[in-house]
Amino acid sequence: MKAEQVSEHIWSLQSWLLLPCRVWLVAEPDGVTLVDAGMPFMAKGILANLERLQLGRLKQILLTHGHSDHVGSIKRILEQHQVPVYAHEIEIPYMVGERIYPRRKKAEQNVPQGLARPLPQSEQGELTAFGALRPYFTPGHSPGHVVYYHEQDRVLLGGDLFTSKAGKLHRPMPMFTADMGEALRSSEILRELHVLHLEVCHGKPVKNPGEQLDAYLEKMGASSSISTNM
């Protein structure tokens, strides 16, 4: 597993299985947050890097969504670190097998029932920050997909909101995307945030991704004036 520091507080951990698959460690004074948990074979590398990098204790796992390549190491990690796991409340019924993911033929129990907690929300319905990380609801690739923005480092941990090719924004993988139109609408989050560095699970980082958004939407046949409701 390759570990790379991408900003002052964030490390990317990458493995390959046909495609690159990334998860992230975010360091703060009171401990470390793991964003996404990759595939099962990545557990050993994640645990080894938690020990090797000496960033502090693991305090929580935040999920962008519940597809199997984003939650596969959770069980193994929790055997050594008893920490809470969070996902968007809309996503949880799909990831525990209560509902069938759109465009799938059968339910998938990717995470045991009762393991994941809903991301907390304010009285106004806004997702609550976890230290320096703020979640944003970005449905489309999955019903409850979220991204996490580190404002100080100006890094967006984008999960599968995008993939990338040659440093350029690229669409999420169509065969695994529930609603491509909704995913395109969610991509407008780049207009709201001031992102210098975008991390995606499957692909290389994208620098200044907001500068590419109009071209990306035009290529995808979507209007650059799509409104979003975050």
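The notes below deal with the structure included here.

Cut-off values and rules
- Residues numbered from 1 in each chain as written.
- Predicted model: local features only at pLDDT ≥ 70, side-chain atom pairs only at ≥ 80, totals over all residues.
- Heavy atoms only, no water.
- Helix = DSSP H or I, 4+ residues; strand = E, 2+ residues; numbered from the N terminus.
- Buried < 20%, exposed > 50% of the residue type's maximum accessible area, 1.4 Å probe, protein only.
- Contact = heavy atoms within 4.5 Å.
- Core = buried A, V, L, I, M, F, W, Y, C linked by side-chain atoms within 4.5 Å.
- Polar contact = N/O pair within 3.5 Å; in protein donor to acceptor, adjacent residues only side chain to side chain.
- Pairing = 2+ DSSP bridges.
- 1 Å grid on protein atoms, 1.4 Å probe; cavity = no way out; pocket = protein on both sides within 12 Å on 5 of 7 lines; lining within 4 Å.
- Points joined across faces, edges and corners; volume = space filled by probe spheres on them.
- Nonpolar A, V, L, I, M, F, W, Y, C, P; charged D, E, K, R; others polar.

**Some thoughts on the environment of Glu126**
1) Next: Relative to the elements of secondary structure, Glu126 occurs in the loop between β7 (116-118) and β8 (133-137).
2) Next: The class for Glu126 is exposed, based on a relative accessible area of 53%.
3) Next: In this structure Glu126 touches Pro120 and Gln121, once residues within four positions along its chain are discounted.

**Some remarks on the nonpolar core**
1) Next: Formed by 50 residues in total, the largest nonpolar core has its most connected members in Leu25, Met95 and Leu157.
2) Next: Looking at which element gives the most residues to this core, the answer is strand β3 (residues 19-28), with six residues.
3) Next: Discounting residues that sit within four places of it in the chain, Leu157 has contacts with Ile10, Trp24, Val26, Val35, Leu133, Val147, Tyr148 and Glu199.

**Details of the side chain of Ser12**
1) Next: With respect to the helices and strands, the residue Ser12 is situated in strand β2 (residues 10-17).
2) Next: Given the relative accessible area of 1%, Ser12 is considered buried.
3) Next: Within the local environment of Ser12, its side chain forms a polar contact with the side chain of Arg22, the two groups lying 3.1 Å apart.
4) Next: Once residues within four sequence positions are removed from consideration, Ser12 is found in contact with Lys2, Ala3, Glu4, Val6, Arg22, Val23, Trp24 and Glu199.

**Section: the pairing of β3**
1) Next: Counting buried positions over the 10 residues of β3 gives nine, a clear majority of the element.
2) Next: Where β2 meets β3, eight bridges bridge the pair, whose relative direction is antiparallel. Paired with Trp16 across the bridge in β3 is Pro20.
3) Next: Hairpin geometry of β2 and β3 is characterised by an intervening segment of one residue between the two adjacent antiparallel strands and by a positive phi of about 70° at Leu18.

**A look at empty space enclosed by the protein**
1) Next: Counted by the stated rule, this structure contains one cavity of 30 Å³ or more.
2) Next: Taken together, Lys2, Glu4, Ser12, Gln14 and Arg22 make up the lining of the largest cavity.
3) Next: Of all elements in the fold, only β1 (2-5) and β2 reach the threshold of two or more residues within the lining of the largest cavity.
4) Next: For the lining of the largest cavity, the residue count by class is no nonpolar, two polar and three charged.

**Topic: unusual backbone geometry**
1) Next: Positive phi values are uncommon outside glycine, yet Leu18 reaches one of about 70°.
2) Next: Mapped onto the fold, Leu18 is located in the loop between β2 and β3.
3) Next: In this structure, Gln54 is a non-glycine residue whose phi angle is positive, near 55°.
4) Next: Of note, Gln54 is situated in the loop between α1 (43-53) and β5 (58-62).
5) Next: Overall, the relative accessible area of 62% leaves Gln54 in the exposed class.

**Focus: α1**
1) Next: Within the span of α1, buried status applies to Ala43, Gly45, Ile46, Leu47, Asn49, Leu50 and Leu53.
2) Next: For α1, the elements touching its buried residues are β1, β2, β3, β4 (31-35), β5 and α3 (74-80).
3) Next: Of the residues one or two after α1, Gln54 is the one with positive phi, at around 55°.

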